[in-house]
Structures are given as C-alpha cells and as structure tokens.
Amino acid sequence: MVPLSQVWTVASYVIGKKLKGVKRYPLVLMLEPLFRCNLACAGCGKIQYPDHILNRRLTPEQCWAAAEECGAPIVSIAGGEPLVHKEIDRIVEGLIRMKRYVYLCSNALLLKKRLDLFKPSKYLTFSIHLDGLKEEHDESVCREGVYETAVEGIKEAVKRGFRVTINSTLFDGANPERVRAFFDEAMRLGIEGIMVSPGYSYQKAPDQEHFLQRNKTRELFKQILKDRKKSWKFNLSPLFLEFLQGNIEYDCTPWGNPTYNVFGWQKPCYLLQDGYAKTFKELIESTPWEKYGFRSGNPKCANCMVHSGYEATAVNDTFGSWRGFAKTVKATLSL
Ligand code: SF4
C-alpha cells in the first residue's frame, strides 16, 4: 500500500494549489539525470542519442535545484538507467532530505549490486521496469535473461525492506490473459503495486509499429481489468484506470509531469521534444499548452493515453473537487 503520509502529502499539495487558484502546477518531476542505458530496447527513444550526449550527466546539485525549482512532491528518476549514474545515491539522498517521494525507475540489471548504496525509507521506491512475463519482457527489452535478473533484484529489495513497484508499458499485440497472469506473478513477488501504461510512439524510437491506438488501448485495458482481482494493487489513481478503459474522458495535463534532463526543461512533456526552457518558470510561461493534448487536435497527441500525460489529470480530478473525490471512492469500492 502507498503510505498514508504520501497520499496526505499529495492531497494537501493539490488542495493547496486549488485554493491559491494555481491553474498549472507540477505533481511529478520526471528527472532524467542521464540518457545512457545498459539495455537497448526497441521502444526506447533515448538511446538513439550520439555518444557525446549519452556521456552527459546531471550533477546531484542540478537534480536538487530542479526539484526545488518546480516543487513537485514526487520525483520520478528515469533515464537512461539511473543506476548507471555514479552519484545516484547522492541524488536520491538529497531528494529524500528535501522530503520528496522518490520513484527510482530501473531495469534492475544492477539493482542487487547497488542496493547497499540505499537505505529503506518511506520516501524511496524502486520502480522496476517489467513489461510482462518472461517471454514478453525479454522480447520487449531485446535481451534474454533480463526478466530473471529483474525478478531476483525485486526479491532482494523486498527482502531488505524497500518499497518496490513494477512499471509496465503495454504494446499492440499484448495478450490480456497473459497480462493478467503477469499481474498475479508480480504481486506474488511481494511488491507494493503495479504501474501500467500504454506505450506511446516516440518519434525517435526505432520500433514504430507496435504502439497502441486509442480505441485499441481502451479495449485492451477493458479486457485486462474486467473482474479485477483483489490481490492486484495498483500504484495509480483509480480514475486513471477508469480513463484507460474508456469510462472517463480526460485531457492531458503535461505540466503535471514536467521533464528535466541534460538539455533543460523539456517542452511540452516527457514524450515530445518541442524545445527546452532554461527554468521551470520559463517552461510554464512560454509553452503553448493549448497546442497539446487530445482536444487540441495535435496529431502527435491523437493516440496518446500515457501515464505521464494523464495521471496528473486524474489526481487533480480526485483531490480538486468533492465530485472527483466521490468518483474515486466509487471506482475504488467497485474493485
Ligand atoms: S497527449 Fe501525450 S504526447 Fe501530447 S502533450 Fe500530453 S503526454 Fe505529451
């Protein structure tokens, strides 16, 4: 279960922003301290960068300054593979000192080796990339044996008292029954919960064929989430899961998950690269937000239903009004 203190922190943060009349505020900082990875997945748009970019790193000081500047209560450290960064322990330690809830996203290849660098804390969660059962995951990351290594890493982290979630991206051709079996297996590992999102066709990703379209996404999630098992716990807003099944219409709020990486603040979101801003303030003030999201008619957003665009919308809906809160309670009780 997500600790109550985290739920409370997020709820009071959203309510505080609403009371102050702030229209656009960040919920999760997507921090990419490097693009270098120890895998080369077909669905990844980051590892295509040339070596001189892949060799660049954000310093711990730059990471803390970005967190300070935007103020989001949650920081998701992605990449690249964060455990490849030589100062990842300092980055995490500093963010925890700032009382940010840190989700350290990792493919877990180095997890067992690097666990000693970290201490269990309610502020730290390892969010392990697993796209399915062994066959599907190894195919997704284009390497045999990665699933087994990741599972070993997860078990060790759970044993040592760390918070652990899994982070799954589903692509076209995903088999709902296999995904359900995967959720069963993942929960048996003792993880706190599952984060799941449909894939988005990165312009830079080499594999453009296997990304889901909007209607297919809804159908797939309806199949997966019908008769949802009580044993499945999700590290997601219940309303985001309703959205994925087509039961609620939302538009994207990309400022909810701003991205900071070696180029600066990325416009407008984690997925698109329409320029960079030097400061968070500049990102918020200079991005033409009306040109993004499903309702904008922007073809790049037409089929996007990803977690980093829509989870913040769902959380804003949950804590932004009594109606939204009531919808969340209803969605939770109907599980
Ligand atoms: S809809 Fe998707 S691609 Fe478009 S701005 Fe939102 S997150 Fe980015």
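Residues numbered from 1 in each chain as written. Predicted model: local features only at pLDDT ≥ 70, side-chain atom pairs only at ≥ 80, totals over all residues. Heavy atoms only, no water.

- Named according to an unreviewed UniProt entry, the chain is Radical SAM protein originating from Methylacidiphilum kamchatkense Kam1.
- In UniProt, the chain has this text filed under Cofactor (unreviewed entry): "[4Fe-4S] cluster". (UniProt positions renumbered as here; feature names shortened; annotations may be inferred.)

## Description of the environment of Phe234
So, step 1. With respect to the helices and strands, the residue Phe234 is situated in the loop between helix H9 (214–225) and helix H10 (238–244).
So, step 2. Relative accessible area serves as the criterion here: at 15%, Phe234 is assigned to the buried category.
So, step 3. As for Phe234 and Ile194, which are separated by 40 residues in sequence, their C-alpha atoms are 4.5 Å apart.
So, step 4. If near-sequence neighbours (up to four positions away) are discounted, Phe234 is found in contact with Phe183, Ile194, Val196, Leu225, Arg228 and Leu241. (Helix = DSSP H or I, 4+ residues; strand = E, 2+ residues; numbered from the N terminus. Buried < 20%, exposed > 50% of the residue type's maximum accessible area, 1.4 Å probe, protein only. Contact = heavy atoms within 4.5 Å.)

## A closer look at the pattern of salt bridges
So, step 1. Within this structure, the stated rule accounts for 19 salt bridges.
So, step 2. Connected via shared salt-bridge partners are Asp116, Glu156, Lys159 and Arg160. (Salt bridge = Lys/Arg side-chain N within 4 Å of Asp/Glu carboxyl O.)

## Looking at the sheet that holds strand S9 (residues 273–277)
So, step 1. Strand order across the open sheet formed by nine strands is S6-S5-S4-S3-S2-S1-S7-S8-S9, with mixed pairing between neighbours. Since the sheet does not close on itself, it has two edges, and those belong to strand S6 (193–198) and S9, each with one partner. When strand polarity is set aside, the average angle formed by the axes of neighbouring strands in this sheet is 30°.
So, step 2. In the sheet, strand S1 (residues 28–31) pairs with strand S7 (residues 259–261) via two bridges, with the strands oriented parallel. Within the sheet, the bridge partner assigned to Leu31 lies in S7 and is Tyr260. (Pairing = 2+ DSSP bridges. Axes fitted to C-alpha atoms, helices over the stretch in contact; angles between N-to-C directions.)

## Thoughts on the site of the ligand
So, step 1. As a matter of local geometry, the ligand sits amid Cys252, Cys269, Leu271, Leu272, Tyr292, Gly293, Cys301, Cys304 and Gly309.
So, step 2. Residue classes in the shell around the ligand are distributed as seven nonpolar, two polar and no charged. (Near = heavy atom within 4 Å. Nonpolar A, V, L, I, M, F, W, Y, C, P; charged D, E, K, R; others polar.)

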